[in-house]
Amino acid sequence: MKIKNTFLSTFILSLIVLNFNSIRAQESVKLKKFKKHTLSAGLVMAGYQGWFDAPGDGSDRGWYHYERKGRFEPGYCTIDVWPEMSEYEKQYETAFKFEDGTPATVFSPHDESTVNLHFKWMKDYHIDGVFMQRFVVEVKSELGKKHFNKVLHSASKAATEHDRTIAIMYDMSGMQSADIDLVMKDWKEIITEYGFDKRSRYKNYLFNDDRPVIALWGVGFNDGRKYNLKDVEKLIQFFKSDEAGNCSVLLGVPTYWREQGRDCVKDDNFLDIVKQADIVHPWFVGRFNENGYPNFKSIIGKDVKWCEENGLAYMPVVFPGFSWNNMLPPDKPSSTNPRNKGNFLWKQFSGAASEGAQMVYVAMFDEIDEGTAIFKLAHKVPVGKSKFIALEDDIPSDHYLWLTGKAADLLKRNKKLPTEKPLQAEK
């Protein structure tokens, strides 16, 4: 009789636990009405690379992420679009020239004024904020960590001044298993300095209810990475611990993560590890063009359903276009995904919303070296050996900021996004 009672008690307790977990799972995917600095319906965040440097900016890295083979001059560069520079307080003259012979300038996010301007634009165009990319391979070096700490410091101030949201995203590309401890140490240093893990210390960090959001990008890709799923699991457990601030974890996964196809590893434990996180963030850049998107977008709907069934939130990627021409060696064929004046970006916003996505990640705010930047771009670009994609004359330099903000406004009000791109009024 005692055995039966014990069994019955255990059985009842199991039912209670299962029911609690089921309720928790349902609550975790029913995002609340939009609330600032909170994971909620209508949230639109961009990625912020912040990895560019220029000689004389104080970083001691010279031309960085602008150059190819150590040179930033006609025929040697990695950027494919040129920033509209008229509003930057600090500008750095380059060896590139416009058609009239005047030198072209670029920016450096090592300058606080540059980061502040970018956050001002986020506010002006109603973009909620950015995930601050923190590249593990960069912060391993003294100069790299110095630079990214400087950018983060500027961003923490700018986010407060312009009431925007920030969150840390560890990009694990190029990372090795031995770097796991470095990541944990880095986060502990950050929360000690900034208090991102406590609303009472810093109110502009992204939270999921009462937990700070931390992003781990690069989980499950089958491109020969030198860290494994056990390393990822160790990081998830760390970030969810009291020591790390009981974080809510976002995992940046391959496009075909759910069925472990194409760009994803085939591992029986992969989806179990994904389920240990809180937010799924599949990477879509370069996976389709405008013509192929209608057939692709149903993947989002299936992703949403899987996440709902497993108690996870979902944040897909949209991107304005892609270009990888100057970055590739001269003997390689060019690679461009046309923007089509914003039609491509808007189809992704509209498509993601129609498939049930409640939040969106825009890749990227400032990535001019892969042509995905949504910040202000130049109509007039340098001429010569390197070929840059100029913004079309009949759309304003802020067009992609405006489109992103327009989508964000509609998502926050739970309004249906039209399939056709809205028209921006002439200034």
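Rules of the game
- Residues numbered from 1 in each chain as written.
- Predicted model: local features only at pLDDT ≥ 70, side-chain atom pairs only at ≥ 80, totals over all residues.
- Heavy atoms only, no water.
- Salt bridge = Lys/Arg side-chain N within 4 Å of Asp/Glu carboxyl O.
- Helix = DSSP H or I, 4+ residues; strand = E, 2+ residues; numbered from the N terminus.
- Buried < 20%, exposed > 50% of the residue type's maximum accessible area, 1.4 Å probe, protein only.
- Contact = heavy atoms within 4.5 Å.
- Polar contact = N/O pair within 3.5 Å; in protein donor to acceptor, adjacent residues only side chain to side chain.
- Pairing = 2+ DSSP bridges.
- Right-handed = clockwise from strand over helix to strand, strands pointing away.
- Disulfide = S-S within 2.5 Å.
- Axes fitted to C-alpha atoms, helices over the stretch in contact; angles between N-to-C directions.
- Parallel < 35°, antiparallel > 145°, perpendicular 65-115°, else oblique.
- Left-handed = near helix turned anticlockwise from the far one by under 90°.
- Nonpolar A, V, L, I, M, F, W, Y, C, P; charged D, E, K, R; others polar.

## Examining the pattern of salt bridges
Then, number 1: Under the criterion given, the structure shown has 28 salt bridges.
Then, number 2: The closest approach of N and O atoms between D128 and K412, which form a salt bridge, is 2.7 Å. With D128 in the loop between helix 2 (112-124) and strand 4 (129-135) and K412 in helix 11 (residues 399-412), the pair connects residues that are 284 residues apart, well separated along the chain.
Then, number 3: For D128, a relative accessible area of 7% gives the class buried.
Then, number 4: Of the charged contacts, one joins K145 and E189 as a salt bridge, the two residues approaching to 2.8 Å between their closest N and O atoms. Taken together, the positions of K145 in helix 4 (residues 142-161) and E189 in helix 5 (residues 180-194) put the pair 44 residues apart, joining distant regions of the chain.
Then, number 5: Residue K145 is classed as partly exposed on the basis of its relative accessible area of 22%.
Then, number 6: Judged by relative accessible area, E189 falls into the partly exposed class, the value being 32%.
Then, number 7: Residues participating in the shared-partner salt-bridge network are R134, K145, K185, D186 and E189.

## Description of the environment of D197
Then, number 1: Inspection of the secondary structure puts D197 in the loop between helix 5 and strand 6 (207-208).
Then, number 2: Apart from residues no more than four positions distant in its own chain, D197 is found in contact with I191, F207, P212 and G245.
Then, number 3: Polar side-chain contacts of D197 include one of 3.1 Å to the side chain of K198.

## Brief notes about the pairing of strand 8 (residues 248-253)
Then, number 1: Here strand 8 lies mainly inside the structure; 6 of its 6 residues are buried.
Then, number 2: In this structure, strand 7 (residues 211-217) lies alongside strand 8, joined through 5 bridges in parallel fashion. Pairing of L216 across the sheet is with L251, part of strand 8.
Then, number 3: A crossover connection joins strand 7 to the parallel strand 8 through helix 6 (residues 229-239); in handedness this β-α-β unit is right-handed.
Then, number 4: Bridge count between strand 8 and strand 9 (residues 279-282): 4 bridges; the pairing is parallel. What sits directly across from L251, in strand 9, is V280.
Then, number 5: Each parallel crossover has a hand, and for strand 8 linked through helix 7 (residues 270-275) to strand 9 it is right-handed.

## Brief notes about the state of the cysteines
Then, number 1: On inspection of all chains with the given rule, the structure shows 0 disulfides.
Then, number 2: Its sulfur unpaired, C264 is 13 Å from the next cysteine sulfur, which belongs to C307.

## Structural notes on unusual backbone geometry
Then, number 1: A cis amide bond links A363 to the next residue, M364, at an omega of -5°.
Then, number 2: For M364, the position within the fold is in the loop between strand 14 (360-362) and helix 11.
Then, number 3: The backbone of N340 shows a phi angle near 55°, a positive value even though the residue is not glycine.
Then, number 4: Within the secondary structure, N340 sits in the loop between strand 13 (336-337) and helix 10 (343-354).

## Some details on the environment of P338
Then, number 1: The residue P338 is located in the loop between strand 13 and helix 10 in this model.
Then, number 2: A relative accessible area of 52% means that P338 is categorised as exposed.
Then, number 3: Linking P338 and G321, residues 17 residues apart in sequence, is a C-alpha distance of 5.5 Å.
Then, number 4: Those residues in contact with P338 that sit more than four places away from it in its chain are P320 and F344.

## Let's talk about the pairing of strand 2 (residues 92-97)
Then, number 1: Strand direction decides the pairing type here: strand 2 and strand 3 (residues 103-106), joined by 3 bridges, are antiparallel. Along strand 3, the bridge assignment pairs E93 with T105.
Then, number 2: In this antiparallel pair of consecutive strands, strand 2 and strand 3, the connection spans 5 residues, and G101 shows a positive phi of 95°.

## Quick word on the packing of helix 10 against helix 11
Then, number 1: Contact geometry of helix 10 with helix 11 gives a least axis separation of 10 Å together with a crossing angle of 15°. It follows from the interaxial angle that helix 10 and helix 11 lie roughly parallel. The hand of the helix 10/helix 11 crossing is right-handed. Touching L345, W346, F349 and A353 of helix 10 are Y400, L403, T404, K406, A407, L410 and L411, all from helix 11.
Then, number 2: Per-class residue counts for the contact of helix 10 with helix 11 are 9 nonpolar, 1 polar and 1 charged.

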